[in-house]
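The chain contents come next:
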Amino acid sequence: MGEQIMDLITESEIKKFMKSSRMGRKVVYFEETDSTNIQAKLIKKGSDWDGTLVIAEKQNLGKGRRGRSWSSPAGSGIWMSLLIKPDIPTDRVSSVTLVSALAVHRALRKLCPSGLLIKWPNDLVINGKKLCGILTEMSCESSINYVVIGIGINVNNSSFPEEIGETATSLSGSLGHAVKRAPIVADFLSEFENLYEDFEKKGDISFMLDEYERFLANKDRRVRVLKPENEWEGTARGVNKRGELLVENDRGEIITVISGEVSVRGLYGYS
Ligand code: BTN
């Protein structure tokens, strides 16, 4: 990026833009850390941690889904984890990830009004390339102890490691100019707070399904469902109120696909 902008993501910078009250109540900032998800999990040993945001300029051990790593260089992205104590049954936790994806979508679509889509359950893609990934981790016994929502958004990255060079993109890469990160973080916190409050009250995501499906990259596209025991192809038709993907098989039956148990890969990359 030739253009330089003042772009801090420290606690005081984020708080300048923050409108949320529960989410981001406390902000823990690291210039460098292993992984904000790891740090978030350490915080919850004390009390009064619900809504804490952990954010880092650089992660040395950024974690992706399915045991992959997440490239998190300094000065280029938003690497953050939100620590919450949800008051919901344990079988509803997978929906939190769709709530988070829609909150990121709302925050980012103000900047890039067209072409930003959600790949079920929680990747954000633009022009067929991945812009944001979310790794939700939880601990529960009879009820939920905590949930950590780890979000990685490529903002001003000008290059990527070779192995993701073809499939990853950044906001600046698609907009053609550098973008300030702190307002995006603050916006996400407000959007998540609003959506999450409804989700907790209503107990499912039916209230946000229309909006989620409007931006669903997989909708009416062929997908391949990868289960440990077999693989099959079908057409994604939408999402139900529990956040499961509805896939129509070639006999015209609708099969619900649960996130985490299977991986749904679009047949045409991320588009
Ligand atoms: C994915 O594989 O799509 C999920 C990537 C999640 C990356 C974020 S960056 C902030 C948080 N800390 C981590 O170690 N991972 C998540």
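For the structure itself, consult the block above.
Let us look at the structure shown here.

With that settled, consider the overall build of the protein chain. Scanning the protein chain from terminus to terminus reveals six helices and twelve strands. Taken over the C-alpha trace, the protein chain has a radius of gyration of 18 Å; the compact-globule value for 271 residues is 18 Å, and the two agree within 12%. The principal-axis extents of the C-alpha atoms in the protein chain amount to approximately 55 × 45 × 30 Å. Residues classed as buried in the protein chain amount to 52% of the 271 residues present. Considering only intrachain contacts with a sequence separation of at least 6, the fraction spanning at least 24 residues in the protein chain is 65%. Looking at the protein chain as shown, the accessible area adds up to about 12,400 Å², and 47% of this sits on carbon and sulfur atoms.

Bringing the sheet that holds strand β7 (residues 144-154) into the picture now. Strands in a sheet are paired, the pairing made by backbone hydrogen bonds, and the direction either parallel or antiparallel. Here we have seven strands laid out as an open sheet, ordered β1-β2-β3-β7-β6-β5-β4, and mixed in their pairing. The sheet is open, and its two edges are formed by β1 (27-30) and β4 (116-119), each paired on a single side. With direction set aside, neighbouring strand axes in the sheet form an average angle of 15 degrees. In this sheet, strand β3 (residues 77-84) lies alongside strand β2 (residues 52-56) in antiparallel orientation, the contact comprising five bridges. Note that in β3 the partner of T52 across the bridge is L83. Across the face of the sheet, helix α3 (residues 93-109) comes into contact with β3, β4, β5 (123-126), β6 (129-140) and β7 while running at roughly 145 degrees to β6.

When a protein is soluble and globular, its nonpolar side chains tend to lie buried together. Within the largest apolar cluster, 65 residues are counted, with the highest numbers of intra-cluster contacts made by F188 and F192. If sequence neighbours within four positions are ignored, F192 has contacts with M23, L82, I84, V96, V99, S100, A103 and I149. V54, L83, Y146 and V148 belong to the second-largest nonpolar core, a separate cluster that totals six residues.

As a further point, take the packing of aromatic side chains. Centre-to-centre distance and the angle between the planes together describe a pair of aromatic rings. This structure, assessed with the given rule, holds three aromatic pairs. Members of the aromatic cluster, joined through ring pairs, are F188, F192, Y196 and F199.

Around the ligand, the surrounding shell holds 20 residues, and the nearest of these are S35, Q59, K63, R65 and K130. Note that a nitrogen atom of the ligand is positioned 2.9 Å from one of the side-chain N or O atoms of Q59. K130 places a polar side-chain atom, nitrogen or oxygen, 2.6 Å from an oxygen atom of the ligand. Burial of the ligand by the protein chains amounts to 98% of its free accessible area of 420 Å². For the shell around the ligand, the secondary structure elements donating two or more residues are α2 (36-43), β3, β6 and β7. Ranked by the residues each element gives to the shell around the ligand, the list is headed by β6, at four residues. Here the shell around the ligand is composed, by residue class, of six nonpolar, ten polar and four charged.

Right, let's talk about α3 for a bit. Compared with an ideal rise of 1.5 Å per residue, which puts 17 residues at 24 Å, α3 spans 25 Å between its outermost C-alpha atoms and is within 8% of the ideal. Among the 17 residues in α3, 15 count as buried, and that is most of the element.

Turning to the side chain of S95, a few remarks are in order. With respect to the secondary-structure elements, S95 resides in helix α3. On the basis of relative accessible area, S95 is assigned to the buried category, the value being 2%. Beyond its immediate chain neighbours, meaning those up to four positions away, S95 contacts F199, I205, K241, R242 and G243.

The strand order across the open sheet formed by five strands is β11-β10-β9-β8-β12, and the pairing between neighbours is antiparallel. The two strands at the open ends of the sheet, each matched to only one other strand, are β11 (254-257) and β12 (263-266). With strand direction ignored, the average angle separating the axes of adjacent strands in the sheet is 45 degrees. Pairing between strand β10 (residues 245-248) and β11: four bridges, direction antiparallel. Bridge pairing links L246 to T256 in β11.

What follows concerns the pairing of β3. Among the eight residues of β3, eight are classified as buried, and the element is accordingly described as predominantly covered. Alternating positions in β3 separate into two faces, G77, W79, S81 and L83 on one and I78, M80, L82 and I84 on the other, with burial throughout. Pairing of β3 with β7, which is carried by eight bridges, proceeds in the antiparallel orientation. What sits directly across from S81, in β7, is G150.

What counts, and at which threshold
- Residues numbered from 1 in each chain as written.
- Predicted model: local features only at pLDDT ≥ 70, side-chain atom pairs only at ≥ 80, totals over all residues.
- Heavy atoms only, no water.
- Helix = DSSP H or I, 4+ residues; strand = E, 2+ residues; numbered from the N terminus.
- Rg over C-alpha atoms; globule rule 2.2 N^0.38 Å.
- Buried < 20%, exposed > 50% of the residue type's maximum accessible area, 1.4 Å probe, protein only.
- Contact = heavy atoms within 4.5 Å.
- Areas by Shrake-Rupley, 256 points an atom, 1.4 Å probe, with all protein chains shown as cover.
- Pairing = 2+ DSSP bridges.
- Axes fitted to C-alpha atoms, helices over the stretch in contact; angles between N-to-C directions.
- Core = buried A, V, L, I, M, F, W, Y, C linked by side-chain atoms within 4.5 Å.
- Phe/Tyr/Trp six-rings, centres within 6.5 Å; stacked < 30°, edge-to-face > 60°.
- Near = heavy atom within 4 Å.
- Polar contact = N/O pair within 3.5 Å; in protein donor to acceptor, adjacent residues only side chain to side chain.
- Nonpolar A, V, L, I, M, F, W, Y, C, P; charged D, E, K, R; others polar.
- Expected span 1.5 Å × (residues − 1).

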